[in-house]
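Fold and contact review
Single-letter residue listing:
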Amino acid sequence: MQRRNFIATAAIGTAGLAASKVTANIDGNNKDFELKNNINHSVCRWCFDDIPWDNFLATLNKLGIKALDLTGPEDWPLMKKYGIHASMCWGAEISLVEGWNDPKNHEVLIKNYTEMIPKVAEAGYTNLICFSGNRNGMNDYVGLENCVAGLSEIMPLAEKHNVVIQMELFNQVNHPDYMCDSSLWGVELCRRLGSDNFKLLFDIYHMQIQEGDIIRTIKKYHQYFGHYHTAGVPGRNEIDETQELYYPAIMKAIIDTGYEGYVAQEFIATWDDKIEALKDAFLRCDV
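Here's what I pulled together on the structure shown here. Quick caveat, the model's predicted, so the values are computed rather than measured.

1. A closer look at the state of the cysteines
Applying the stated criterion to the full structure yields zero disulfides. Looking at the unpaired Cys-147, the closest cysteine sulfur is the one in Cys-130, lying at 7.7 Å.

2. Let's talk about the layout of surface pockets
Put simply, the largest pocket is a space of about 220 Å³. The set of elements that each furnish at least two residues to the lining of the largest pocket consists of strand 3 (85–89) and strand 7 (225–230). Looking at the lining of the largest pocket element by element, the count peaks at three residues for strand 3.

3. So, the environment of Ala-269
Looking at the secondary structure, you find Ala-269 in the loop between strand 8 (262–265) and helix 12 (274–285). Separated by 222 residues in sequence, Ala-269 and Cys-47 have C-alpha atoms that sit 7.8 Å apart.

4. With respect to the pattern of salt bridges
Evaluation of the coordinates by the stated rule reveals 13 salt bridges. Connected through shared salt-bridge partners, Arg-135, Asp-140 and Asp-181 make up one network.

5. Section: helix 8 (residues 183–193)
When helix 8 is considered as a whole, its buried residues turn out to be Ser-183, Trp-185, Gly-186, Val-187, Leu-189, Cys-190 and Leu-193. The opening residue of helix 8 is Ser-182, an N-cap whose side-chain oxygen sits 3.1 Å from the backbone nitrogen of Leu-184. A positive phi of about 60 degrees marks Gly-194, the residue just after helix 8.

6. Some thoughts on the packing of aromatic side chains
Counted under the stated rule, the structure contains ten aromatic pairs. Centre to centre, the rings of Phe-131 and Phe-170 are 5.8 Å apart; their planes meet at 15 degrees, and the pair counts as stacked. With Phe-131 in the loop between strand 4 (127–130) and helix 6 (140–151) and Phe-170 in the loop between strand 5 (164–168) and helix 8, the pair connects residues that are 39 residues apart, well separated along the chain. Both rings, one in Phe-202 and one in Phe-225, keep their centres 4.5 Å apart while their planes meet at 25 degrees; by these two values the pair is stacked. With Phe-202 in strand 6 (residues 198–203) and Phe-225 in strand 7, the pair connects residues that are 23 residues apart, well separated along the chain. In this structure Phe-225 comes out as buried when scored by relative accessible area, which is 3%. Here the aromatic cluster, defined as three or more aromatic residues joined through ring pairs, consists of Phe-202, Phe-225, Tyr-228 and Tyr-259. Between the NZ or CZ atom of Arg-45 and the centre of the ring of Trp-53, over which it lies, the distance is 3.7 Å.

7. Topic: unusual backbone geometry
The amide bond that connects Val-233 to the next residue, Pro-234, takes the cis arrangement and shows omega of 0 degrees. Relative to the helices and strands, Pro-234 resides in the loop between strand 7 and helix 11 (247–256). The backbone of Leu-70 shows a phi angle near 60 degrees, a positive value even though the residue is not glycine. Position of Leu-70 relative to the elements: it lies in strand 2 (residues 67–71). The exposure class assigned to Leu-70 is buried, which follows from its relative accessible area of 2%. Positive phi, normally seen in glycine, also occurs at Asn-162, with a value near 55 degrees.

What counts, and at which threshold
- Residues numbered from 1 in each chain as written.
- Predicted model: local features only at pLDDT ≥ 70, side-chain atom pairs only at ≥ 80, totals over all residues.
- Heavy atoms only, no water.
- Disulfide = S-S within 2.5 Å.
- 1 Å grid on protein atoms, 1.4 Å probe; cavity = no way out; pocket = protein on both sides within 12 Å on 5 of 7 lines; lining within 4 Å.
- Points joined across faces, edges and corners; volume = space filled by probe spheres on them.
- Helix = DSSP H or I, 4+ residues; strand = E, 2+ residues; numbered from the N terminus.
- Salt bridge = Lys/Arg side-chain N within 4 Å of Asp/Glu carboxyl O.
- Buried < 20%, exposed > 50% of the residue type's maximum accessible area, 1.4 Å probe, protein only.
- Polar contact = N/O pair within 3.5 Å; in protein donor to acceptor, adjacent residues only side chain to side chain.
- Phe/Tyr/Trp six-rings, centres within 6.5 Å; stacked < 30°, edge-to-face > 60°.
- Lys NZ or Arg CZ within 6 Å of the ring centre and 35° of its normal.

Here it is as structure tokens:
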């Protein structure tokens, strides 16, 4: 499943045109780049997949960034070569729109996750993404019950292998009809499953658009959030002063909850130098 195919048409807009024109300084002039590492930094591969894979991994290595999000088994051997951890794995899902809320998907999903969970564990990783799927006219309560029924079939295996299944929250602007579009709906799913091996991937960009009140939500429900993604609002671009969120305060709130997982940058760079944009984002989050 190619995340770019789903996101590009809805979320990037004109930013996609800008991104096609940018360059990347893969030599990485890091003279002024030094991280405190109170936050475990990661980055989503798809946002920078126009940079040659070897070069991008080498650049992350030079920057001291130890993790990469949204990668599968085909990516892991080269990542291991560069000492880059897979902080959020994928490869078991069907698509963003075909998920656990529809029982017709359960047979395929149970098979896929049953095969992928041991692979993730064997590779030394922990997090594996999943999606609710679209409503397609389905009541949210029915969809919740369907998710519980399907996910319950794989949770014992996830617990056995110490793999955490993480359902991502999306907004309705970029992903119309997606069911897991509310922190409360996702938290209720976590409560009903009752397993420490099921969490929510709290995408700050999506939840700012969908419901706002980001810091209060993180403080109140942080025990259900197993991973975080970033991007600027509006536009899914840089997290600098061109957008409405103040990420240093958000990162401070995350640290204050005792969170020790990863925060992954998932923005579309518009700067002339993509790597400089990425470095700027890391520094802004490095509180």
